[in-house]
Amino acid sequence: MGGQTLAVYMAAAGSRAKIIRMDPLRSLQETLETYLAAIGAQKQPEPPPLLPSMRALEAWEKQWASQADPMLRHYLQRRSYAKALALLKGEEAEGHS
């Protein structure tokens, strides 16, 4: 996945959609961070939408999962997104799913 770029579709609530081109792993990391932050904020009065991040994760998996590290692929398939993010950041993931 080295020098390739990935177009990621992300739409924030109430704003126009943007196409962002970047490294696939960096894109995945940012999408995971956005998704996990939105999950954590769901009890707020006006929580951020989950659907844009979920769609971006699905799109990433369709295009890049076959080329990804087996452990990363494992975490994504099982929706262990916090563990996938920790792996991308080079951190220790707690346990295995």
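Our subject in this report is the structure included herewith. (Residues numbered from 1 in each chain as written. Predicted model: local features only at pLDDT ≥ 70, side-chain atom pairs only at ≥ 80, totals over all residues. Heavy atoms only, no water.)

## Re the packing of helix α1 (residues 24–40) against helix α2 (residues 51–64)
1) Next: α2 packs onto α1 with a crossing angle of 155° between their chain directions and a minimal axis gap of 9 Å. As summarised for this structure, α1 and α2 are arranged roughly antiparallel, according to the angle between their axes. Crossing handedness for the pair α1 and α2: left-handed. Here Pro 24, Leu 25, Leu 28, Thr 31, Leu 32, Thr 34 and Tyr 35 of α1 come into contact with α2, specifically with Ser 53, Met 54, Ala 56, Leu 57, Trp 60 and Trp 64.
2) Next: For the contact of α1 with α2, the class distribution of residues is ten nonpolar, three polar and no charged. (Axes fitted to C-alpha atoms, helices over the stretch in contact; angles between N-to-C directions. Helix = DSSP H or I, 4+ residues; strand = E, 2+ residues; numbered from the N terminus. Parallel < 35°, antiparallel > 145°, perpendicular 65-115°, else oblique. Left-handed = near helix turned anticlockwise from the far one by under 90°. Contact = heavy atoms within 4.5 Å. Nonpolar A, V, L, I, M, F, W, Y, C, P; charged D, E, K, R; others polar.)

## Notes on the nonpolar core
1) Next: Residues Leu 28, Leu 32, Trp 60, Leu 72 and Leu 76 are the most contacted members of the largest nonpolar core, which totals 13 residues.
2) Next: Contributions of two or more residues to this core are made by α1, α2, α3 (70–77) and α4 (81–88). (Core = buried A, V, L, I, M, F, W, Y, C linked by side-chain atoms within 4.5 Å. Buried < 20%, exposed > 50% of the residue type's maximum accessible area, 1.4 Å probe, protein only.)

## Topic: unusual backbone geometry
Across the chain, the bulk of peptide bonds are trans and the bulk of non-glycine residues have phi less than zero.
1) Next: We note that Arg 79 has phi near 60°; this positive angle belongs to a residue other than glycine.
2) Next: Counting through the fold element by element, Arg 79 comes out in the loop between α3 and α4.

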